[in-house]
Amino acid sequence: MSQALLFAEQDPAVDVLRRVFGYPQFRGPQAEIVDHVIRGGDALVLMPTGGGKSLCYQVPALVRPGMAVVVSPLIALMRDQVDALRQLGVSAAYLNSSLDWREAQEVERQIAAGALDLVYVAPERLVTPRFLELLARTEVCLFALDEAHCVSQWGHDFRPEYLQLSILAERFPEVPRIALTATADNQTRADIVQRLRLQDAEVFISSFDRPNITYRVVPKREPKRQLLEFIQTNHPEDAGIVYCLSRAKVEDTAEWLARETGREVLPYHAGLEPGLREANQDRFTKGEGVIVCATVAFGMGIDKPNVRFVAHLDLPKSLEAYYQETGRAGRDGLPATAWMTYGVQDVVTLRQMLEQSEAPEEIKRVERAKLEALVGYCECAACRRQVLLNYFGETLAEPCGNCDTCFEPVETFDGTVLAQKALSAAYRTGQRFGAGHLIDVLRGSATEKVGKFGHDKLKTFGCGTELSKQEWQAVFRQLIASGLLEVDHESYGGLRLTPGAVAVVKGGQSVRLRRDPAAGTKKSLREARARRDSGAPAALSEADDRLWHALKARRLELAKAQGVPPYVIFHDSTLLEMVREKPRDAGHFAGLPGVGSRKVERYGDAFLAVIRAHVQH
Ligand code: ADP
Ligand code: ZN
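Residues numbered from 1 in each chain as written. Chains lettered and ligands numbered in written order. Predicted model: local features only at pLDDT ≥ 70, side-chain atom pairs only at ≥ 80, totals over all residues. Heavy atoms only, no water.

With respect to the sheet that holds strand β1 (residues 43-46)
Working step 1: A sheet is described by the order of its strands in space; here seven strands give the open sequence β3-β4-β2-β5-β6-β1-β7, paired in parallel fashion. Each having just a single partner strand, β3 (92-95) and β7 (202-205) make up the two edges of the open sheet. Here the strands of the sheet are splayed against their neighbours by 20 degrees on average, with no regard to which way each runs.
Working step 2: As paired strands, β3 and strand β4 (residues 118-121) are joined by four bridges and run parallel to one another. Bridging across to β4, Ala93 finds its partner in Val119.
Working step 3: In the packing of helix α5 (residues 75-87) onto the sheet, the strands contacted are β3 and β4, and the crossing angle to β3 comes to about 165 degrees. (Pairing = 2+ DSSP bridges. Helix = DSSP H or I, 4+ residues; strand = E, 2+ residues; numbered from the N terminus. Axes fitted to C-alpha atoms, helices over the stretch in contact; angles between N-to-C directions. Contact = heavy atoms within 4.5 Å.)

Regarding the coordination of the zinc ion (ligand 2)
Working step 1: Only Cys383 (SG), Cys400 (SG), Cys403 (SG) and Cys406 (SG) from the protein coordinate the zinc ion (ligand 2), and they sit 2.3 to 2.4 Å from it.
Working step 2: Donor residues for the zinc ion (ligand 2) sit on one chain with the sequence pattern C-x16-C-x2-C-x2-C. Linking Cys383 in the loop between α16 (361-379) and α17 (384-391) with Cys403 in the loop between α17 and α18 (404-407), this pair joins segments that are 20 residues apart in sequence.
Working step 3: Its relative accessible area of 4% is what places Cys383 among the buried residues.
Working step 4: Overall, Cys403 belongs to the buried group, its relative accessible area being 0%. (Donors = N, O, S within 2.8 Å, 3.2 Å for Na, K, Ca; no water. Buried < 20%, exposed > 50% of the residue type's maximum accessible area, 1.4 Å probe, protein only.)

Quick word on the pattern of salt bridges
Working step 1: Per the counting criterion, the structure on display carries 35 salt bridges.
Working step 2: A salt bridge links Glu355 to Arg368, with the shortest nitrogen-to-oxygen separation between them at 2.8 Å. You can see Glu355 sitting in helix α15 (residues 344-356) and its partner Arg368 sitting in helix α16, a full 13 residues away along the chain.
Working step 3: For Glu355, a relative accessible area of 18% puts it in the buried group.
Working step 4: Owing to a relative accessible area of 22%, Arg368 belongs among the partly exposed residues under this scheme.
Working step 5: Ionic contacts of the salt-bridge type, sharing partners, join the residues Lys220, Lys249, Asp314 and Asp346 into one network. (Salt bridge = Lys/Arg side-chain N within 4 Å of Asp/Glu carboxyl O.)

Notes on the packing of aromatic side chains
We describe a pair of aromatic rings using the distance from one ring centre to the other and the angle between the two ring planes.
Working step 1: In the structure shown here, the tally under the stated rule is 14 aromatic pairs.
Working step 2: With a centroid separation of 5.1 Å and an interplanar angle of 15 degrees, the aromatic rings of Phe230 and Trp339 are classed as stacked. Of this pair, Phe230 sits in helix α11 (residues 223-234) while Trp339 sits in strand β13 (residues 336-342), placing them 109 residues apart in sequence.
Working step 3: A relative accessible area of 2% places Phe230 in the buried class.
Working step 4: Ring geometry for Trp472 versus Phe476: centroids 6.4 Å apart, planes at 50 degrees, classification tilted. Taken together, the residues span about one helical turn, with Trp472 and Phe476 both in helix α22 (residues 469-481) at a distance of four residues. (Phe/Tyr/Trp six-rings, centres within 6.5 Å; stacked < 30°, edge-to-face > 60°.)

Notes on the confidence of the model for the protein chain
Working step 1: Looking at the protein chain, pLDDT values average 90 and 94% of them are 70 or higher.
Working step 2: Between residues 1-8, whose pLDDT stays under 50, and residues either more than four places distant or in other chains, the model counts one contact.
Working step 3: Contacts for the low-pLDDT stretch residues 531-535, under 50 throughout, to residues beyond four places or in other chains number eleven contacts. (pLDDT = per-residue confidence, 0-100.)

A word on the site of ligand 1
Working step 1: Of all residues adjacent to ligand 1, which total 15 residues, the nearest are Tyr23, Gly50, Lys53, Ser54 and His571.
Working step 2: Gln30 is positioned such that a nitrogen or oxygen atom in its side chain is 2.9 Å from a nitrogen atom of ligand 1.
Working step 3: Gly50 has a polar backbone atom sitting 2.6 Å from an oxygen atom of ligand 1.
Working step 4: Here ligand 1, which alone exposes 560 Å², has 84% of that area covered by the protein.
Working step 5: For the shell around ligand 1, the element with the most residues is helix α4 (residues 53-63), which contributes three residues.
Working step 6: Partitioned by chemical class, the residues of the shell around ligand 1 number four nonpolar, eight polar and three charged. (Near = heavy atom within 4 Å. Polar contact = N/O pair within 3.5 Å; in protein donor to acceptor, adjacent residues only side chain to side chain. Areas by Shrake-Rupley, 256 points an atom, 1.4 Å probe, with all protein chains shown as cover. Nonpolar A, V, L, I, M, F, W, Y, C, P; charged D, E, K, R; others polar.)

Concerning the side chain of Lys304
Working step 1: Structurally, Lys304 is set in the loop between β11 (291-294) and β12 (309-312).
Working step 2: Within the buried set, Lys304 has no salt-bridge partner at all; the shortest N-O distance to an opposite charge, 5.5 Å, is to Glu288.
Working step 3: In terms of polar contacts, Lys304 uses its side chain to reach the backbone carbonyl oxygen of Phe284, at 3.2 Å.
Working step 4: With near-sequence residues (within four places) excluded, Lys304 lies in contact with Ala239, Phe284, Thr285, Gly287, Arg328, Arg331 and Tyr567. (Lys, Arg positive; Asp, Glu negative; His and termini not counted.)

As for the domain arrangement of the protein chain
Interfaces are often described in size by the accessible area the parts lose on coming together.
Working step 1: In terms of domains, the protein chain is made up of domain 1 (3-205), domain 2 (213-407), domain 3 (412-514) and domain 4 (540-616).
Working step 2: A separation of 56 Å is found between the C-alpha centroids of domain 1 and domain 3. (Domains from an automatic or database assignment.)

Details of unusual backbone geometry
Working step 1: A positive phi angle, near 55 degrees, is found at Gln431, a position not held by glycine.
Working step 2: Looking at the secondary structure, you find Gln431 in the loop between α19 (416-428) and α20 (435-442).
Working step 3: Using a relative accessible area of 22% as the deciding quantity, one classes Gln431 as partly exposed.
Working step 4: Positive phi is not limited to glycine here, since Lys582 has a value of about 45 degrees.
Working step 5: In this fold, Lys582 is placed in the loop between α26 (572-581) and α27 (586-590).

Structural data, given as structure tokens:
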């Protein structure tokens with residue numbers, strides 16, 4: 001390249017972005033952050049999962065002279081990132097407990113020789129005297145502290161080793177530090193600033209909206225069947241995660257789903273033998289279209305970008321947990337779904353767990369409020385995204401148009417009389433029975449239990465035949481959600497009236513209820529259509545669909561040969577660009593987003609051959 005051409009490239013950061021990563025431009029606040037760090041400033045970056053945090057330090061790492069040190073708490077994450085960087089032709093390595101002595105020595109030798117652009121290290125390794133000395137003899141261009149919320153005891157991923165990272169400010173005052181996290185609450189943020197000594201850092205906060213994720217919550221009827229229908233209709237080939245509360249349910253659901261779909265569905269929970277657990281995670285990241293059924297033990301450290309759905313068969317612990325878990329879908333920005341079933345028993349179970357816990361009262365109070373917010377989200381009749389963002393302190397002015405309540409507005413109606421009947425059934429039976437029995441009483445079902453307690457003699461017996469069992473369940477669910485009924489944890493989940501219920505029973509106060517949407521496929525179809533409009537693979541013509549599958553197959557082959565996940569070769573979005581553009585030569589191929597110069601050299605011919613073969617047919 002001539003000097004003139006070199007100088008024509010005005011911004012070195014944009015040059016690196018295009019040449020190495022193959023992306024035409026920075027996204028959102030990336031440009032500003034990158035610029036700030038390149039100029040030597042400290043930064044705290046709060047960005048949702050999938051927002052593009054990695055580039056915020058990887059680009060400065062390649063622009064500034066010297067080696068960048070990236071602190072990361074998880075071995076799997078480090079490995080993935082290093083794999084991906086090497087595919088881009090970047091000189092990167094990691095140092096953690098998964099390396100043996102000899103391998104670690106080799107990495108240290110490379111550091112000393114100034115041969116690395118980036119090194120990923122575990123926090124406990126970074127703060128050893130040996131490693132700090134090694135760094136002191138090396139030109140370090142920046143420290144990136146990934147998953148910075150791990151420094152906060154407040155958060156759920158607390159890592160005591162992170163506390164020691166404050167030493168970096170003392171030992172390397174001239175080296176810029178950039179801390180990154182997707183956990184944004186005020187307490188965690190304050191902890192990060194204080195504990196990592198980032199008082200002078202510029203804070204960059206992005207919107208936490210994930211517009212490519214469709215949110216759906218469906219009333220629980222036959223949860224497994226509903227899940228199956230959801231997957232078959234919306235994600236018949238896609239990779240996804242199904243969250244369950246218990247290990248037994250994880251195993252059971254995985255087995256059932258594998259049988260019903262004929263697909264690869266793997267269990268994951270803390271009770272599995274470690275080797276098997278790791279193998280299942282590996283098959284998920286390195287395979288195509290694998291489903292994992294898991295407890296919340298699964299997810300941290302998974303940065304597979306093409307997880308197309310996250311399903312919850314049980315309620316998560318809080319909206320924070322829900323947002324984090326569902327955030328694992330659609331990191332690549334392509335359409336993805338967060339789907340959840342929710343029923344009266346979920347609330348009862350969670351309330352019971354909460355009340356029976358040994359936690360001090362002030363903690364319980366916080367947890368009660370969190371559960372209420374979560375239930376409020378499930379029961380909301382307005383746009384789900386508005387409710388979610390509002391919870392995280394953001395306002396979305398207009399309904400999003402990409403959640404179930406936006407697709408199909410929820411009807412609300414005056415449910416005062418129904419509420420009075422339900423409340424009086426609970427009252428007259430002594431406030432110690434669950435919804436199932438109360439519904440039998442209301443509907444006049446002469447069950448054995450009804451007979452045993454003489455509940456067929458009550459005035460309320462049979463006074464509610466106008467609703468089906470399911471409809472009554474929706475009523476009870478909402479009465480609990482709105483705090484008119486509470487779960488009595490001393491009587492195994494019996495329902496008890498709250499002081500607020502008195503005003504309803506006596507007729508002073510009315511109750512509005514939401515009408516659950518009818519079961520069935522109408523909505524799923526509508527969504528499938530919406531999905532098609534948004535340019536997901538479902539939008540492809542038959543011929544293009546064949547090409548898409550052929551490209552995926554070639555990618556998987558190449559990935560397997562190297563033992564890396566397919567997405568470190570090319571993202572789905574890049575394959576989709578290949579389908580759309582059908583490039584004929586390397587020049588054209590190099591222009592696709594996500595194709596850097598090294599990847600044209602390495603993979604151009606392989607993918608061009610697939611495209612050529614398809615275009616000829
Ligand atoms: P995070 O760490 O914030 O969850 P990542 O850094 O993994 O997010 O980025 C999410 C995805 O977005 C990745 O697949 C990445 O390649 C892609 N990405 C990030 N920045 C850009 C950009 N400027 N242009 C195109 N794709 C981008
Ligand atoms: Zn919406």
